[in-house]
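Residues per chain, in single letters:
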Amino acid sequence: MKKSLIALAILGSVAGVAQAQSSVTLYGIADVWVGSEKAGLNAASVTKVGSGGFNGSRFGLTGSEDLGGGLKAVFKLEQGFNIDTGTQSISGTAFGRQAFVGLSGGFGTVTFGNVWSAMDDVIGAANGAFDSAFSPLYSMSGSVHNTYVDRPRNAMKYAAAFGGFSAAAVVGLDENAAVSENVVDFNLGYGAGPLGVSFAHQISNNVTDTKRTLLNGSYDLGAAKLLATVGQVKTGVNKSTDLQFGVDVPLSTALTLSGSIARTKDNAALGDGKRTGAGLAAKYALSKRTFTYAGITKVTGKTGAGVKNSENRLYALGLQHSF
């Protein structure tokens, strides 16, 4: 009887240790906005209830298990959804945002599955208007922000951070023997004190390789944080170049303003067209997990001859809660 009790106590202790060494967390973001959107030069403005004005609405499961010796098994399953309709953000997917498993340790983290590209990791690091739907580069055709591959799928990813430095590399396989459409990219970053710098390069294969390059920089002055982005998209002789300047201004512990002006310019091979735009947004924290926001962005495009050929506009008031 005593031996049985001792055995049960040992099993209970082992189970407790195993439970303490592994964890699974349910998390998510619910983001909704009400506003007006115009998408196209001759399009009418449409009043909408929308989803993901500040961040995409989502829910997910993430977890890890301590394997000993500093090594952990990690996983994440994340689905995006449209809170205004309850539909999937990517139709036909169970975990369209992320779905991966991997290992992490002192060497960094290696994951396999549906992962964010290395360029996506840093694409918004210095994007004004909080890197949201109010950030004008996302509405500019031809820009890095508008054309880059965010989730290459069938991918392998390595990421690491040492001191103030960070790096990541991703290879996404097309898994098609007849044609090569792989996606390969990497990023390098540095952030210590008030300075932040990141660089990313991405190549996606098709008939002709498309190469995207991005350089971000930020500097925190205390009273304001200065932001700048330079990008380029090149396919053969066709080339578009991005330029963006932004600023974050904290007005109180709860209220922050952020703005951005941007331009994308095509080279002669693409007709010398250009798109210009601006965005302004405000964020007001109601608690650690809930905030309201408001913003406006407008982007217009012109041909090389100066003829207006595109216009996009959005203004909205929103609410976001994270859990």
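Please refer to the structure higher up on the page.
What you see is a predicted model; the values in this text were computed from it and never measured.

Analysis parameters
Numbering of residues begins from 1 in every chain and follows the order in which that chain's sequence is written. Confidence filtering applies because this is a predicted model: local features only for residues at pLDDT of at least 70, side-chain atom pairs given and counted only at 80 or more, and all residues used for totals across whole chains, interfaces and linings. The basis for every side-chain value is the complete set of non-hydrogen atoms in the structure, without hydrogens or water. A 1.4 Å probe that fits but cannot get out identifies a cavity on a 1 Å grid over protein atoms alone, an open set with protein on both sides within 12 Å along at least five of seven lines counts as a pocket, and a residue lines either if it has an atom within 4 Å of a point. Grid points are joined across faces, edges and corners, and a volume is the space filled by probe spheres set on the points. Each helix is a run of H or I in the DSSP string that is no shorter than four residues. Each strand is a run of E no shorter than two, and both are numbered from the N terminus. Under this grouping Gly is polar, as are all residues other than the nonpolar Ala, Val, Leu, Ile, Met, Phe, Trp, Tyr, Cys and Pro and the charged Asp, Glu, Lys and Arg. Think of a nonpolar core as a cluster: buried Ala, Val, Leu, Ile, Met, Phe, Trp, Tyr and Cys residues, connected wherever their side-chain atoms sit within 4.5 Å. Burial here depends on accessible area, computed with a 1.4 Å probe over protein chains only, as a share of the maximum for the residue type. Under 20% is buried, over 50% is exposed, and the range in between is partly exposed. The contact rule is simple, with two residues in contact once any of their heavy atoms fall within 4.5 Å. In protein, a polar contact requires one atom able to donate a hydrogen and another able to accept it; more generally it is a pair of N or O atoms within 3.5 Å, and residues adjacent in sequence count only if both atoms are side-chain atoms.

Chemist: Explain the layout of surface pockets here, please?
Modeler: To find leftover empty space, a probe the size of one water molecule is rolled over the atoms. In this structure, the largest pocket occupies an estimated 830 Å³ of space. If you trace the largest pocket, you find 26 residues lining it, with G52, N55, G56, R97 and Y138 closest to the centre. Elements that contribute at least two residues to the lining of the largest pocket include exactly strand 4 (71–82) and helix 3 (144–147). Grouping the amino acids of the lining of the largest pocket by side-chain chemistry returns seven nonpolar, 13 polar and six charged. In this structure, the second largest pocket encloses a volume near 210 Å³. Along its surface, the second largest pocket is lined by 14 residues, and E37, A133, S139, R313 and L314 are the ones closest to its centre. Of all the elements in the fold, those that place two or more residues in the lining of the second largest pocket are strand 1 (22–39), strand 2 (46–51), strand 17 (290–302) and strand 18 (308–322). When residues of the lining of the second largest pocket are assigned to their parent elements, the largest contribution, four residues, is made by strand 1.

Chemist: Even after reading the chapter, I still don't get the nonpolar core, so can you show me in this structure?
Modeler: Looking at soluble globular proteins, one finds that nonpolar side chains tend to be buried together. Formed by W33, F54, A129, F130, F134, A281, F291, Y293, L314 and A316, the largest nonpolar core amounts to 10 residues. At the level of elements, strand 17 and strand 18 are the ones that each hand at least two residues to this core. With near-sequence residues (within four places) excluded, F134 lies in contact with G53, A129, G279, L280, A281, Y293, A294, G295, I296, T297, L314 and A316. Formed by eight residues, the second largest nonpolar core is a distinct cluster that contains V122, Y148, A200 and V233.

Chemist: Whenever I open this one, the side chain of N205 confuses me. Can you help?
Modeler: Looking at the secondary structure, you find N205 in the loop between strand 11 (195–204) and strand 12 (210–220). Looking at N205, its side chain comes within polar contact range of the side chain of D209, at 2.7 Å. Once you skip the residues sitting within four places of it in the chain, N205 turns out to touch S180, E181 and N182.

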